[in-house]
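Structural overview for review
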Amino acid sequence: MSDISKNIETIQTIIQKLAKAHDIAQDNIHLVAVSKRQPLEKLKEALECGHRLFGENRVQEAIEHWADFKKEHNDIKLHLIGPLQTNKVKDAVSFFDVIETLDREKLAKTLSSEMKKQGRSLPCFVQVNTGDEPQKAGISPKDLSLFLTLCRGLDLDIVGLMCIPPVDEPPALHFAFLKKLAQENGLNNLSMGMSADYERAIPLCPDHGQLYIRIGTGVFGARDSA
Ligand SMILES: *Cc1c(COP(=O)(O)O)cnc(C)c1O
């Protein structure tokens, strides 16, 4: 067995155990394998394990990673989990399946018009800056409700909320906060939890929705430095 298949199996076992312990439907928890800055060889290994759901944080790299594999496997699903510049929106809309990082008004407007142009309505998560960190992308919790109204007015298909907690605070507090914000705003799905903290996220899987955990090094091992 390759390391990657062992890693995926380990994570699936943890998901299974935690889901059972917290009375959560296991099928509602989804492993997004984050393949940024990983070699093609490792992506191929993950595909050979039958894994199909991947996260990338840059549009150009995602295309380099996945364009050929997508021709061989029509069931690959790609989530954009990194900041999206408006000049990359056209490629992002045509190449990705889900946008997890909708984080500002200008992007909402550009996504909306590009999706209409391409006739492709991608599900979007709004990224929330739960710690209100000045250097971090995302909508401030206090502005969320207004931002969602704007997005819905633009016909964007907002399916949930995404966050990256501050490094120096307990992630579970931020995950619980994100879940509460989603409930208050009538959103079903959450994207939260990475290699170091996904075990804190799983117990907070939405009651009537899906949880996406985004795991890079935990699946593929250490990646190239940026
Ligand atoms: C890189 C990245 C991940 C995966 O991080 P790991 O610690 O390697 O699991 C998850 N989410 C986002 C937004 C990322 O940029």
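Before reading further, recall that the structure is shown in the block above.
Let me begin by describing the structure that accompanies this report. This is a predicted model, so every value here is computed, not measured.

Attention shifts here to the site of the ligand. In the neighbourhood of the ligand, the contacting residues comprise Val-34, Lys-36, Ile-81, Met-162, Ile-164, Met-194, Ser-195, Arg-214, Ile-215, Gly-216, Thr-217 and Arg-223. Lys-36 is positioned such that a nitrogen or oxygen atom in its side chain is 2.7 Å from an oxygen atom of the ligand. Between the ligand and Ser-195, the relevant distance is 2.4 Å, taken from an oxygen atom to a side-chain nitrogen or oxygen of the residue. When the free accessible area of the ligand is taken as 390 Å², the share hidden by the protein chains comes to 89%. Here the ligand occupies the largest pocket. Tallied by class, residues from the shell around the ligand come to 6 nonpolar, 3 polar and 3 charged.

Right, let's get into unusual backbone geometry. Within the chain, Asp-132 stands out as a residue other than glycine whose phi angle is a positive 45°. The class of Asp-132 is partly exposed, set by a relative accessible area of 45%. One non-glycine residue, Asp-155, lies in the positive phi region at around 65°. Within the fold, Asp-155 resides in the loop between α6 (144-153) and β6 (157-162). For Asp-155, a relative accessible area of 54% gives the class exposed.

Here the focus is the environment of Glu-105. Within the element layout of this structure, Glu-105 appears in helix α5 (residues 105-118). Once the C-alpha coordinates of Glu-105 and Ile-139 are considered, the two residues, 34 residues apart in sequence, prove to be 9.5 Å apart. Ignoring sequence-local partners within four residues, the contact set of Glu-105 consists of Phe-147 and Leu-150.

Regarding α6, the residues found buried are Leu-144, Phe-147, Leu-148 and Cys-151. Burial along α6 is one-sided: seen end-on, the buried residues are contained in an arc of 100°. Opposite its buried face, α6 presents the exposed residues Leu-146, Thr-149 and Gly-153, each directed more than 90 degrees away. Buried positions along α6 lie against β4 (98-102), α5, β5 (123-127), β6 and α7 (171-184).

A few words now on the packing of aromatic side chains. Under the definition given, this model contains 4 aromatic pairs. Ring centres of Trp-66 and Phe-69 lie 5.6 Å apart, and the angle between their planes is 55°; this geometry places the pair in the tilted category. You can see Trp-66 and its partner Phe-69 sitting in helix α3 (residues 59-72), 3 residues apart, about one turn around the helix. For Trp-66, a relative accessible area of 0% puts it in the buried group. Ring geometry for Phe-125 against Tyr-212: centres 5.8 Å apart, planes inclined by 80°, an arrangement best described as edge-to-face. Linking Phe-125 in strand β5 with Tyr-212 in strand β8 (residues 211-215), this pair joins segments that are 87 residues apart in sequence. Linked through ring pairs, Phe-54, Trp-66 and Phe-69 together constitute an aromatic cluster.

Next up on the list: the state of the cysteines. Applying the stated criterion across every chain yields a total of 0 disulfides. Unpaired in terms of disulfides, Cys-124 finds its nearest cysteine sulfur in Cys-151, a separation of 7.8 Å. Cysteine Cys-163 is unpaired, with the sulfur of Cys-205 as its nearest cysteine sulfur at 14 Å.

Attention now moves to α5. Here α5 contains 14 residues, and its C-alpha end-to-end distance of 20 Å stays within 8% of the 20 Å for a straight helix at 1.5 Å per residue. All buried positions along α5 are accounted for by Leu-107, Ala-108, Leu-111, Ser-112, Glu-114 and Met-115. Contacts made by the buried residues of α5 are with α4 (89-95), β4, β5 and α6. With its phi angle positive at about 60°, Gly-119 sits one or two positions after the end of α5.

Parameters at a glance
- Every residue gets a number counted from 1 within its own chain, in the order that chain's sequence is written.
- Confidence filtering applies because this is a predicted model: local features only for residues at pLDDT of at least 70, side-chain atom pairs given and counted only at 80 or more, and all residues used for totals across whole chains, interfaces and linings.
- In computing side-chain properties, one takes all heavy atoms of the structure into account and sets aside hydrogens as well as water.
- Here a residue is near a molecule or strand as soon as one of its heavy atoms is found within 4 Å of it.
- Distance and chemistry together define a polar contact, namely a pair of N or O atoms within 3.5 Å, with one atom able to donate a hydrogen and the other to accept it when in protein, and with adjacent residues in sequence counting only for side-chain atoms on both sides.
- All accessible-area figures derive from a Shrake-Rupley calculation using a 1.4 Å probe, and residue coverage is judged against the displayed protein chains alone.
- The method works on a 1 Å grid over the protein atoms by themselves. A cavity is a set of points holding a 1.4 Å probe that cannot get out, a pocket is an open set with protein on both sides within 12 Å along at least five of seven lines, and residues with an atom within 4 Å of a point line them.
- Each molecule is assigned to a cavity or pocket provided more than half of its atoms lie within 2 Å of the corresponding grid points.
- Each residue gets one of three labels, nonpolar for Ala, Val, Leu, Ile, Met, Phe, Trp, Tyr, Cys and Pro, charged for Asp, Glu, Lys and Arg, and polar for the others, Gly among them.
- Any residue under 20% of the maximum accessible area for its type is buried, any over 50% is exposed, and the rest in between are partly exposed; the area is computed with a 1.4 Å probe on protein chains only.
- Put simply, DSSP marks the helices as runs of H or I at least four residues long and the strands as runs of E at least two long, and each gets a number from the N terminus on.
- For this analysis, residues touch if any pair of their heavy atoms sits within 4.5 Å.
- Think of it as the arc spanned by the lines of direction from the helix axis to the C-beta atoms.
- Whether two aromatic rings pair depends on their centres lying within 6.5 Å, for rings of Phe, Tyr and Trp, where Trp uses its six-membered ring; planes under 30 degrees apart make the pair stacked, over 60 edge-to-face, and the rest tilted.
- Defined by distance alone, a disulfide is two cysteine sulfur atoms within 2.5 Å.
- The span expected for a helix works out to 1.5 Å for each residue beyond the first.

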